[in-house]
Amino acid sequence: MDGRVPASLVQGAEMTTVNIGFVTIGATVLVLGLLSVPIKRLWLSGPLIALLLGVLLGPEVVGLISPAEWGTESVLLEQTARLTVAMSLMAIALRLPRGYLRTHVRSLVIVLGPVMVAMWLVSGLATYLVLAVPIWVALLVGAVITPTDPVVASTIVRGPIAERNLPTRMRHFLSAEAGANDVLSYPLVFLAVLMLAHPPDDALGEWLVRVLLLEVLGAVVLGGILGYLAGRVLAWADRSDIVPRTSYLVFSLSLTFTILGATALAGTNGLLAVFVGGLVFRGVISEQEDRDEEEVQEAVNDFFLLPVFVLLGLTVPWHEWFELGWSGVVLVVVVLLLRRLPAFLALGPLMRSVHGVREAAFLGWFGPIGAAALLYANLALRETGNDLVWPVGSLVISASVLVHGVTATPVTRLFGRSVA
């Protein structure tokens, strides 16, 4: 005997860990799906419970699951978050009324222009002052945590509590902003990435040509074409009576995966293409198909929503968090309070979709940071190798999931009583 462990035993142990992960994630989705309403009454949210479960089962507590055995953690997180956000963006695109972006263009331009830039600069400046890091590193962190997460936002605007207490207009506005804000954070992230890698003139030129022209504009064009073609094909198949309603699940999933794959091959922004493709697709299909696709995509979104937060809990960088010390705590408080709320209160009167200070305050508070930031944090880590982005990003994400998860139900009910 040479003392080596047989390969079959090693593979068996790895498969056991993977199967435990499957059981954990599958059971979590099942239980939270069945008990979603009672859980919200306890002032909890699905993402928060999934995050806490991941922490409990992770290497630092029970040690039942170790994602490091599945592959490189940053790659696993990035790709899982990308798929989760893509599914959520498609769900939002199918949930919004037809022509919503066009009829609310003024409010969306404000929230995706000055408000979003303010969120980036405030987050970056807070990182610069609190952690004393180089300015473009700070702005990279700020860009990572800028997007309003469509995944967590969907848990706030959906369900009986939200439907009873929030006007449909507000729920649609938060969904639309979360979807568009998320995909438009991509240029901000890559501006900081390029500024860290190249001289300013070279970085700005590459950003304008490669990121804005090829990746962003290319995503709009490609996503629009694929969404239009998919809508026409589904409309034709429905008129020909060759597509059963049960096929819509496959069709909805296939469209999302097709757009993600096509944009990856073309080198464009896949998430932006999915959102644009979903909006165009919804505009092409009939009203009945529209309702069927929305219901199917919402169900798919529910399934993909929770695993990414279990995975986040499993990979929390505790050691790096402790190294940040009180500076990390201060940064979290500053970001959660100042990143978004002041900008909404200041510019809310200019948004026709926002009626009064109460709505501006509610929408300003509920700009959760979640799977989208998780994606960008790992993307930035891969592109720059900067060791600060992941610890700070994951800390702010986890704090947002906790704080916004706990406050969603009581604040939503309070808002409902205040306008009753």
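Peer 1: Before we go on, may I ask you to explain the overall build of the protein chain in this structure?
Peer 2: Along the protein chain, the regular secondary structure elements total 21 helices and 0 strands. Burial status across the protein chain gives 52% buried among its 420 residues. Relative to all contacts within the protein chain whose residues are 6 or more apart in sequence, the contacts with residues 24 or more apart total 83%. For the protein chain, the accessible area works out to roughly 18,000 Å², and carbon and sulfur atoms hold 69% of it.

Peer 1: Would you mind going over the side chain of Ser353 with me for this structure?
Peer 2: The topology assignment puts Ser353 in the loop between helix H18 (341-347) and helix H19 (356-365). Not counting the four nearest positions on each side in its chain, Ser353 is found in contact with His104, Ser107, Arg169, Phe173 and Glu359.

Peer 1: When you look at the packing of helix H11 (residues 168-197) against helix H12 (residues 200-239) in this model, what are you seeing that I'm missing?
Peer 2: Helix-helix packing is described using two parameters, namely the angle between the two axes and the distance between the axes. The contact between H11 and H12 brings their axes to 9 Å, and the two run at 150 degrees. By the criterion of interaxial angle, the relationship of H11 to H12 is roughly antiparallel. The hand of the H11/H12 crossing is right-handed. When H11 is examined against H12, the residues Tyr186, Pro187, Phe190, Leu191, Leu194 and Met195 are found in contact with a partner set consisting of Pro200, Ala203, Glu206, Trp207, Arg210, Val211, Leu212, Glu215 and Val216. Its residues assigned to classes, the contact of H11 with H12 comprises 12 nonpolar, no polar and 3 charged.

Peer 1: Before we go on, may I ask you to explain the packing of aromatic side chains in this structure?
Peer 2: Pairs of aromatic rings are described using the distance from one ring centre to the other and the angle between the two planes. Here the structure, examined in full by the defined rule, presents 5 aromatic pairs. Three or more aromatic residues joined by ring pairs make a cluster, and in this case those are Phe362, Trp365, Phe366 and Phe415.

Peer 1: When you look at the pattern of salt bridges in this model, what are you seeing that I'm missing?
Peer 2: Once the charged atoms of two side chains with opposite charge are near each other, the side chains can pair. Under the counting rule described, the total for this entry stands at 7 salt bridges. Linking Glu359 and Arg169 is a salt bridge whose minimum nitrogen-to-oxygen distance equals 2.7 Å. In this pair, Glu359 sits in helix H19 while Arg169 sits in helix H11, placing the two residues 190 residues apart along the sequence. Via salt bridges that share partners, Glu78, Arg82, Arg382 and Glu383 belong to a single interconnected network.

Peer 1: Would you take a moment to explain helix H20 (residues 371-384) for this structure?
Peer 2: Side chains three or four residues apart in an α-helix point the same way, a direct result of the helix having 3.6 residues per turn. With 14 residues, H20 should cover 20 Å at 1.5 Å per step; its first-to-last C-alpha distance of 20 Å lies within 8% of that length. H20 sits mainly inside the fold: 10 of its 14 residues count as buried. If you check which residues of H20 are buried, you get Ala371, Ala372, Ala373, Leu374, Leu375, Tyr376, Ala377, Asn378, Leu379 and Ala380. A positive phi of about 70 degrees marks Gly385, the residue just after H20.

Peer 1: Any chance you could explain a nonpolar patch on the surface here in plain terms?
Peer 2: Taken together, Leu204, Leu208, Val209, Leu213, Leu214, Leu217, Val220, Val221, Ile225, Tyr228 and Leu229 make up a surface patch of nonpolar side chains, about 950 Å² in accessible area. On the secondary structure map, Leu204 appears in helix H12.

Peer 1: Help me understand the packing of H11 against H19, please; the structure alone is not making it clear to me.
Peer 2: Interaxial distance between H11 and H19 falls to 11 Å at its minimum, and their mutual angle equals 35 degrees. The hand of the H11/H19 crossing is right-handed. Where H11 abuts H19, its residues Arg169, Met170, Phe173 and Leu174 lie against Glu359, Phe362 and Leu363. Residues that form the contact of H11 with H19 fall into these classes: 5 nonpolar, no polar and 2 charged.

Peer 1: Which parts of the structure should I look at to understand the confidence of the model for the protein chain?
Peer 2: Segments scoring low in pLDDT should not have their predicted coordinates read at a detailed level. When pLDDT is averaged along the protein chain, the result is 83; 82% of the residues meet or exceed 70. Within the protein chain, the lowest mean pLDDT, 55, falls on helix H15 (residues 287-305), and the highest, 97, falls on helix H8 (residues 135-144). pLDDT under 50 marks residues 5-13. Its contacts with residues more than four places away, or in other chains, come to 1 contact.

Peer 1: What am I meant to see in helix H7 (residues 114-131) here?
Peer 2: With 18 residues, H7 ought to run about 26 Å at 1.5 Å a step, and its terminal C-alpha atoms sit 25 Å apart, in line with that. Taken residue by residue, H7 has Val115, Met116, Met119, Trp120, Ser123, Gly124, Ala126, Thr127 and Leu131 as its buried positions. Buried residues along H7 cover an arc of 165 degrees about the axis, so they all sit on one side. Of the residues one or two after H7, Ala132 is the one with positive phi, at around 55 degrees.

Peer 1: It is not clear to me how unusual backbone geometry should be interpreted in this structure. Could you clarify?
Peer 2: Phi is mostly negative for residues that are not glycine, and the peptide bonds are mostly trans. The backbone of Ala132 sits at a positive phi, close to 55 degrees, despite the residue not being glycine. For Ala132, the position within the fold is in the loop between H7 and H8. A residue is classified by how much of its surface remains accessible, and Ala132, at 65% relative accessible area, is exposed.

Peer 1: Just to check I follow, could you spell out the side chain of Asn386 for this structure?
Peer 2: As for its placement among the helices and strands, Asn386 is situated in the loop between H20 and helix H21 (389-419). Side-chain polar atoms of Asn386 contact the backbone nitrogen of Leu388, separated by 2.8 Å. Not counting residues within four places of it along the chain, the set of residues in contact with Asn386 comprises Val137 and Leu381.

Peer 1: Is there a simple way to explain the environment of Pro391 in this structure?
Peer 2: Locating Pro391 in the fold gives a position in helix H21. Judged by its relative accessible area of 7%, Pro391 falls in the buried class. In sequence terms Pro391 and Ala377 are 14 residues apart; their C-alpha atoms lie 9.0 Å from each other. Residue contacts for Pro391: discarding those within four places in its chain leaves Pro317, Glu320, Trp321 and Leu324.

Peer 1: Help me out: how do you make sense of the environment of Trp207 in this one?
Peer 2: As for its position among the elements, Trp207 is in helix H12. Here Trp207 falls in the buried class, since its relative accessible area comes to 15%. Once the C-alpha coordinates of Trp207 and Ala192 are considered, the two residues, 15 residues apart in sequence, prove to be 9.7 Å apart. Those residues within four positions of Trp207 in sequence are excluded, and the remaining contacts are Pro187, Phe190, Leu191, Leu194 and Leu212. Within the local environment of Trp207, its side chain forms a polar contact with the backbone oxygen of Pro187, the two atoms lying 2.8 Å apart.

Thresholds applied
Residues numbered from 1 in each chain as written. Predicted model: local features only at pLDDT ≥ 70, side-chain atom pairs only at ≥ 80, totals over all residues. Heavy atoms only, no water. Helix = DSSP H or I, 4+ residues; strand = E, 2+ residues; numbered from the N terminus. Buried < 20%, exposed > 50% of the residue type's maximum accessible area, 1.4 Å probe, protein only. Contact = heavy atoms within 4.5 Å. Areas by Shrake-Rupley, 256 points an atom, 1.4 Å probe, with all protein chains shown as cover. Axes fitted to C-alpha atoms, helices over the stretch in contact; angles between N-to-C directions. Parallel < 35°, antiparallel > 145°, perpendicular 65-115°, else oblique. Left-handed = near helix turned anticlockwise from the far one by under 90°. Nonpolar A, V, L, I, M, F, W, Y, C, P; charged D, E, K, R; others polar. Phe/Tyr/Trp six-rings, centres within 6.5 Å; stacked < 30°, edge-to-face > 60°. Salt bridge = Lys/Arg side-chain N within 4 Å of Asp/Glu carboxyl O. Expected span 1.5 Å × (residues − 1). Patch = residues over 30% accessible without salt bridge, like charges linked within 9 Å, V, L, I, M, F, W, Y side chains within 5 Å. pLDDT = per-residue confidence, 0-100. Arc of directions from axis to C-beta. Polar contact = N/O pair within 3.5 Å; in protein donor to acceptor, adjacent residues only side chain to side chain.

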